[in-house]
Amino acid sequence: MSALLVDNIGELVTNGVGEGPLGIRRSAAVLIEEGRVAWVGPAAYAPAADRRIDAGGAAVLPGFVDSHAHLVFAGDRAAEFAARMAGEPYTGGGIRTTVGATRAATDEELRSTVRRLRGEALRQGTTTIEIKSGYGLNVADEARSLRIAAEFTEDTTFLGAHVVPAEYADRPDDYVGLVCGPMLAAAAPHAKWIDVFCERGAFDVDHARAILACGQAVGLGVRLHANQLGPGPGVRLGVELGAASVDHCTHLSDADVDALASTRIDCMCHEGQHTSTVATLLPGAEFSTRSPYPDARRLLDAGVTVALATDCNPGSSYTSSMPFCIALAVREMRMTPAEAVWAATAGGARALRRDDVGVLTPGARADLLVLDAPSYLHLAYRPGVPLIHQVIRNGVPQ
Ligand code: NIG
Ligand code: FE
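Cut-off values and rules
Residues numbered from 1 in each chain as written. Chains lettered and ligands numbered in written order. Predicted model: local features only at pLDDT ≥ 70, side-chain atom pairs only at ≥ 80, totals over all residues. Heavy atoms only, no water. Buried < 20%, exposed > 50% of the residue type's maximum accessible area, 1.4 Å probe, protein only. Helix = DSSP H or I, 4+ residues; strand = E, 2+ residues; numbered from the N terminus. Right-handed = clockwise from strand over helix to strand, strands pointing away. Pairing = 2+ DSSP bridges. Disulfide = S-S within 2.5 Å. Expected span 1.5 Å × (residues − 1).

Regarding the pairing of strand S10 (residues 193–198)
Consideration 1: Within S10, six of the six residues are buried, which leaves it mostly tucked inside the rest of the structure.
Consideration 2: The β-α-β motif built from strand S9 (residues 156–161), the intervening helix H5 (residues 172–187) and the parallel element S10 has right-handed crossover chirality.
Consideration 3: One ladder, built from four bridges, connects S10 with strand S11 (residues 221–226); its direction is parallel. Bridge pairing in S11 links Trp 193 to Gly 221.
Consideration 4: As a crossover connection, the stretch from S10 through helix H6 (residues 205–217) into S11 is right-handed.

Digging into the state of the cysteines
Consideration 1: Taken as a whole and assessed by the stated rule, the structure comprises one disulfide.
Consideration 2: Across the disulfide from Cys 267 sits Cys 269; the S-S distance is 1.8 Å.
Consideration 3: Residue classification places Cys 267 among the partly exposed positions, given a relative accessible area of 21%.
Consideration 4: With no disulfide of its own, Cys 249 lies 12 Å from the sulfur of Cys 198, the closest cysteine sulfur.

Observations concerning helix H12 (residues 337–351)
Consideration 1: Here H12 contains 15 residues, and its C-alpha end-to-end distance of 19 Å stays within 8% of the 21 Å for a straight helix at 1.5 Å per residue.
Consideration 2: Of all the 15 residues making up H12, 13 are buried; the element is thus mostly covered by neighbouring parts of the structure.
Consideration 3: Trailing H12 by a residue or two, Arg 353 shows a phi angle of about 50°, which is positive.

This is the structure we're talking about:
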């Protein structure tokens, strides 16, 4: 059995046992065997290994878990972005433009876009990514979007209820019937999760509840786009249905925050407690739509588990960079650097209900980032700087 030792780590973020909320260990080493973390401890006591990577005293942390990305699409919407920066509002109306381009694309074109963005994300430290459909919006194109997504990740999400496509504009009930019937049947074999854009102009709460219930009935886990563009019942619907995550959470009432906090449960985890419904914040969307950011502080102070994700998509947030989202969350959303790094790693894992990623403890998947910096703090302190020196995924240096 070949063992790899990552040695001479100045600051190791484990999200497990160690100093502070990030479980930090200093002068540490990590032993990797068969793609898993086999041992974590002081560098001075590191076991022998066949191969060794010298971290040179730098910081090492778990790979980022990006729990919300829309990578299966064709075309871009740079002109829409430029119009927004000149004062136009974001409404989500551009989704239909991307649907047209996606339907017209070949499988290989879609696959190469996913491959390109997946590679881009990996180079910026993302070792686990969720990928949604949602730009096909007919049976064949939703199914093929998920088939292609499944080539790249096990966390695939069926988002047939992204918007009502143009051909169903005057009969949304019929579209909901299509999503719950033949579309779900074609999508489910390739999907782990179901998602709905529950928002004025997309799907109302009754449609969203019906669609998510159909997905649950065939074994899909629930996640939801909610309260992005305005207040509404989406977050509370997510709590009602036991969603793993409600995403965006930009416009929240006290009742929404209370509902999320009410899902708090004790766990065997490092934090001792978390909320079974995570609030996933997507600051790239507020950045790219020039909108007010969600109030992360309010959620954290209420005891809600928070994740950070990119929302990578060609309309509202065309970034694949988790370090960028960390920097935004710290600067604009009143998160501390430690909270933001936790939310981008362990928080993302919670949002995907995974315990094998987002932590560096024995048994976890060996997904490690070696920074070109002495501390995780630099991810927020040095925004826009390529600090990801080396990525190890599944125990394999990339
Ligand atoms: O999460 N809000 C809905 N969906 C995406 C945006 C999709 C688009 O504009 O193409 C989001 O922001
Ligand atoms: Fe999204």
